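# Structural features, examined
Here's the letter readout for the chains.
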Number of protein chains: 2
Amino acid sequence: MSYTLPTDSELEILQVLWANGLCTVRFVNDKINEHREVGYTSTLKTMQLMMDKNMLDRVIEERTHYYKAALAEETTQKSLLDEFVASTFRGSASSLVLRMLGDGDTNLDEIQKIKAIISEFENQNQNL
Amino acid sequence: MSYTLPTDSELEILQVLWANGLCTVRFVNDKINEHREVGYTSTLKTMQLMMDKNMLDRVIEERTHYYKAALAEETTQKSLLDEFVASTFRGSASSLVLRMLGDGDTNLDEIQKIKAIISEFENQNQNL
DNA sequence: ACAAAGGTACGATATAAATCGTAGGTTCAA
DNA sequence: TTGAACCTACGATTTATATCGTACCTTTGT
């Protein structure tokens, strides 16, 4: 029931957990260090705070602590997206899309996928 | 030439300036206070810091200070969007779109606009 | 002429987030 | 059996941001 959005480093941790399921702190920290340098205890501390906020669940097995995300990826992304559209695009989802396609740097493969998603959406909503 | 992204309250100020052109601090602060309470001097201070960062330009006319955005709306939104897609959707623009259409709460009018943007984009890129 | 109303400048402070050091526990191999 | 290499817990600190108080201007109405 936590409606506070994850912070940047919380999100970074959630991404690892969403992509990998049950993980140790060591694993999460190693993954993050593939992108930027951060100490093990920093990651640990953040994950402990996330436990307090009920953003993570912990399973202890054979004395090893495993963590997994307690927040669903879909709903968390949706909340962050809504917030982002509001603050950056004054609430207009369509201007986000416009900006996304605007300059040529979104890759073609992604654009194909987006078109597919839109058609799919249309088919499922013929009633509109 | 500033490539640091605006913070939340900087963005809030930029939105007012993008939407309204030349503004006084008073005007910007009043606009923001339509949404949340914040003191005049807080807004002033933030705008002065933004001046230091070259995010704003100032015009003094008849002893009144007017400010305008020195950052373009389009490029700033694009930078913020890229950052957001990276951190929240692991770089996948299409999964952002999927999430956007996912549950029924993006309004139909916006969806129509998005479809129009996509078709427009296709027409302008028949070569793809 | 001066008080009230409004402005700017800017230091100080508050708040939130992220980072890390250190203490102390467990495991395991030499 | 001891020390190296792991681990967890957690307080303290750092950093970035946001907020505000206060000093000191200028303008304007009476």
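Definitions and limits used
Residues numbered from 1 in each chain as written. Chains lettered and ligands numbered in written order. Predicted model: local features only at pLDDT ≥ 70, side-chain atom pairs only at ≥ 80, totals over all residues. Heavy atoms only, no water. Pairing = 2+ DSSP bridges. Helix = DSSP H or I, 4+ residues; strand = E, 2+ residues; numbered from the N terminus. Least-squares fit on C-alpha atoms with pLDDT ≥ 70 in both. Contact = heavy atoms within 4.5 Å. Buried area = accessible area lost by both parts, 1.4 Å probe. Salt bridge = Lys/Arg side-chain N within 4 Å of Asp/Glu carboxyl O. Nonpolar A, V, L, I, M, F, W, Y, C, P; charged D, E, K, R; others polar.

## A short note on the pairing of strand β1 (residues 56-61) of chain B
Residues and elements named next belong to chain B. Across 6 bridges, β1 lies against strand β2 (residues 64-69) in antiparallel orientation. Bridging across to β2, R58 finds its partner in Y67. Hairpin connection of β1 to β2: 2 residues between the antiparallel strands, including E62 at a positive phi of 55°.

## Quick notes on the relation of the copies chain A and chain B
Once turned by 180° and shifted 0.0 Å along the axis, chain A lies on chain B with an RMSD of 0.0 Å. On this basis, the relationship between the two copies can be described by a two-fold rotation axis.

## Things to note about the interface of chain A and chain B
Facing 39 residues of chain A, the contacting portion of chain B comprises 39 residues. At the boundary of chain A with chain B, total buried surface from both sides reaches about 3900 Å², with 69% on carbon and sulfur atoms. Of all residues in chain A, the largest losses of buried area upon contact with chain B belong to K78, R90 and R99 of chain A, amounting jointly to 15% of the total for that side. Inspection of the region where chain A meets chain B yields 2 salt bridges. One salt bridge in this structure joins R90 of chain A and E73 of chain B, with 3.0 Å as the shortest N-O distance. At the level of elements, α1 (8-20), α4 (73-89), α5 (93-102) and α6 (108-123) of chain A are the ones that each hand at least two residues to the side of chain A that touches chain B. The element that contributes the greatest number of residues to the side of chain A that touches chain B is α4 of chain A, accounting for 11 residues. Of the residues assigned to the side of chain A that touches chain B, the class counts are 20 nonpolar, 7 polar and 12 charged.

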